[in-house]
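A closer look at the structure
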Amino acid sequence: MTTLSGRRTRVLAAITATAGLVLVAACTSTGNGGGSKTAAGGVKVVKAGQLTTCTHLPYPPFQSEIGGKVQGFDVSLVDLVAKDLGVKQAIVDTPFENFKTGAFLNSGQCDLAAAGMTITAERKKHVDFSDPYFNATQAVLVDKKSGITSLADVKAKGKKLGAQAQTTGEDYAKKQGFDPVSFESSDAVLNGLRTGQVQAVVIDYPVVQGWLKDKANAGAFKAVDNINTGEQYGFTVKKGNTKLLAAINKAIAGAKADGTYKKLYEKWIGPYDAAAASPSAS
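Let us look at the structure shown here. (Residues numbered from 1 in each chain as written. Predicted model: local features only at pLDDT ≥ 70, side-chain atom pairs only at ≥ 80, totals over all residues. Heavy atoms only, no water.)

Let's shift gears to the sheet that holds strand β10 (residues 181-183). If you trace the 5 strands from one edge of the open sheet to the other, you get β10-β9-β11-β8-β12, paired in mixed fashion. At either end of the open sheet lies a strand with only one pairing partner, and these are β10 and β12 (221-233). Pairs of neighbouring strands in the sheet enclose a mean axial angle of 25°, with direction left out of account. (Pairing = 2+ DSSP bridges. Helix = DSSP H or I, 4+ residues; strand = E, 2+ residues; numbered from the N terminus. Axes fitted to C-alpha atoms, helices over the stretch in contact; angles between N-to-C directions.)

Here's what the structure looks like:
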């Protein structure tokens, strides 16, 4: 998932997984008047008492603003990390190009990035990825009245195909010989399909799965292809931040082991898919 939005950056408090968290990191005073910037386990954080997460909104069901709060599958998983560290999560909405370069991590504005981000060799040059927490396939979503039955059918019938700008989905479409209409965000892609700007879109399957949970959407649109492109999502940290990376990996593994991951998957995405939920480390 990527995009190049120029929207102004804003900070939004994320919902924590458990109310009344003890702010361990706020116990020791520092010269700048804040609390200690060391959380449980010796993990350094950029702001005392909180785990600051960079994301790019909206990207439901992984993160989006609902009722004035940022919520979603990624948010809930990172809340587990924050809980283990004895702090609260806070979210910063940023343009996605910062995730590819690690700019906001390197500048100390965020501790980690969580944005439904595919692990790639190019991105690994700039940031360190957590263990993969999600296997993501690409879906082809169409209007039920379009008569389109597959991605190949989109080309055969000369229909317009949409994709989110600079995403792996757009890259895949181009490799298949398409010149897709580019949209800024996942919401814009789906709206482009809804309003007839395009007749089909290539987009991450979990996004489609979450979108089709709405009965009105499911009544008008359907996924006709689910393409395995070998993609896995990971959270990122500044290169060399081994303690935070270990804390993230521990929280992911713990959530899968105790059933929390499954519950969050069913809450935010849809019927539990063990294949998507159990990727091996890359």
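Let us keep going from here.
Following the criterion strictly, the structure yields 1 disulfide and no others. Across the disulfide, Cys-54 is cross-linked to Cys-110 (sulfur-sulfur distance 2.1 Å). The sign of the 70° torsion about the S-S bond sets the Cys-54-Cys-110 disulfide as right-handed. Taken together, the residues Cys-54 in strand β2 (residues 50-55) and Cys-110 in the loop between α3 (103-106) and β6 (112-113) connect sequence positions 56 residues apart. As far as burial versus exposure is concerned, Cys-54 and Cys-110 are alike and both buried. (Disulfide = S-S within 2.5 Å. Buried < 20%, exposed > 50% of the residue type's maximum accessible area, 1.4 Å probe, protein only.)

Tracing the sequence through the fold places Gln-50 in strand β2. Placed 37 residues apart in sequence, Gln-50 and Val-87 show a C-alpha to C-alpha distance of 4.9 Å. Non-local contacts of Gln-50, meaning those with residues more than four positions away in its chain, are made with Val-45, Val-87, Lys-88, Ala-90 and Asp-111. (Contact = heavy atoms within 4.5 Å.)

Below, the discussion takes up the pattern of salt bridges. Under the defined criterion, the tally for this structure stands at 5 salt bridges. Lys-157 serves as the salt-bridge partner of Asp-153, at 3.1 Å between the closest nitrogen and oxygen. Since its relative accessible area comes to 41%, Lys-157 is described here as partly exposed. (Salt bridge = Lys/Arg side-chain N within 4 Å of Asp/Glu carboxyl O.)

Proteins that are soluble and globular tend to have nonpolar side chains buried together. Membership of the largest hydrophobic core comes to 49 residues, with the highest contact counts inside it found for Leu-51, Phe-73, Leu-77, Leu-85, Phe-134 and Phe-235. When sequence neighbours within four positions are dropped, the list of residues in contact with Phe-73 reads Pro-61, Phe-62, Tyr-133, Phe-134, Tyr-261, Leu-264, Tyr-265, Trp-268 and Ile-269. In this structure, Phe-99, Phe-104, Leu-105 and Ala-113 belong to the second largest nonpolar core, which totals 13 residues. (Core = buried A, V, L, I, M, F, W, Y, C linked by side-chain atoms within 4.5 Å.)

Geometric values such as these leave the question of function open.
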